[in-house]
Amino acid sequence: DWASAKTLLADTNFLKRLKEFDKDAIPEKTVARLKAFTSHEEFDPILIEKQSHAAKSLAVWCCALASYENIAKTVQPKR
């Protein structure tokens, strides 16, 4: 919801938390929710940029995280 999003975005450590996010330890429930969002046609960073440049950056980060997760699952068994 928007109220929760505003609180999160107002956190002074928000960017630091994004940079330090442990992308290798994402719970499956969170991965499923992430993929549900990123699979929507409307969740296109180019479309989102028309509304907000900051939101576009977060959308790109989310898409990159979803892609990383897919690749990590493929590569992990080969390590």
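This one's a predicted model, so the numbers in the text were calculated from it and none came from an experiment.

### A closer look at the overall build of the chain
Here's step 1: The helix and strand inventory of the chain stands at five helices and zero strands.
Here's step 2: Helices and strands appear in the chain in the N-to-C order α-α-α-α-α.
Here's step 3: A principal-axis box enclosing the C-alpha atoms of the chain has dimensions of 40 × 30 × 20 Å.
Here's step 4: Within the span of the chain, comprising 79 residues, buried residues form 16% of the whole.
Here's step 5: Intrachain contacts of the chain at a sequence separation of at least 6 include 55% that bridge at least 24 residues.
Here's step 6: Carbon together with sulfur atoms contributes 59% to the accessible area of the chain, which is approximately 6400 Å² in total.
Here's step 7: Separation of charge centres in the chain, based on 13 positive and 11 negative side chains, amounts to 3 Å.

### Re the pattern of salt bridges
Here's step 1: Counted according to the given criterion, the structure contains five salt bridges.
Here's step 2: A salt bridge links Glu69 to Lys35; its shortest N-O distance comes to 3.4 Å. Of the two residues, Glu69 sits in helix H5 (residues 53–75) while Lys35 sits in helix H3 (residues 28–38), which places them 34 residues apart along the sequence.
Here's step 3: The class of Glu69 is buried, set by a relative accessible area of 11%.
Here's step 4: Owing to a relative accessible area of 29%, Lys35 belongs among the partly exposed residues under this scheme.
Here's step 5: For Lys73, the salt bridge identified is with Glu69, shortest N-O distance 4.0 Å.

Definitions and limits used
- Residues numbered from 1 in each chain as written.
- Predicted model: local features only at pLDDT ≥ 70, side-chain atom pairs only at ≥ 80, totals over all residues.
- Heavy atoms only, no water.
- Helix = DSSP H or I, 4+ residues; strand = E, 2+ residues; numbered from the N terminus.
- Buried < 20%, exposed > 50% of the residue type's maximum accessible area, 1.4 Å probe, protein only.
- Contact = heavy atoms within 4.5 Å.
- Areas by Shrake-Rupley, 256 points an atom, 1.4 Å probe, with all protein chains shown as cover.
- Lys, Arg positive; Asp, Glu negative; His and termini not counted.
- Charge placed at Lys NZ, Arg CZ, Asp CG, Glu CD.
- Salt bridge = Lys/Arg side-chain N within 4 Å of Asp/Glu carboxyl O.

Function-wise, these values are silent; they only describe arrangement.
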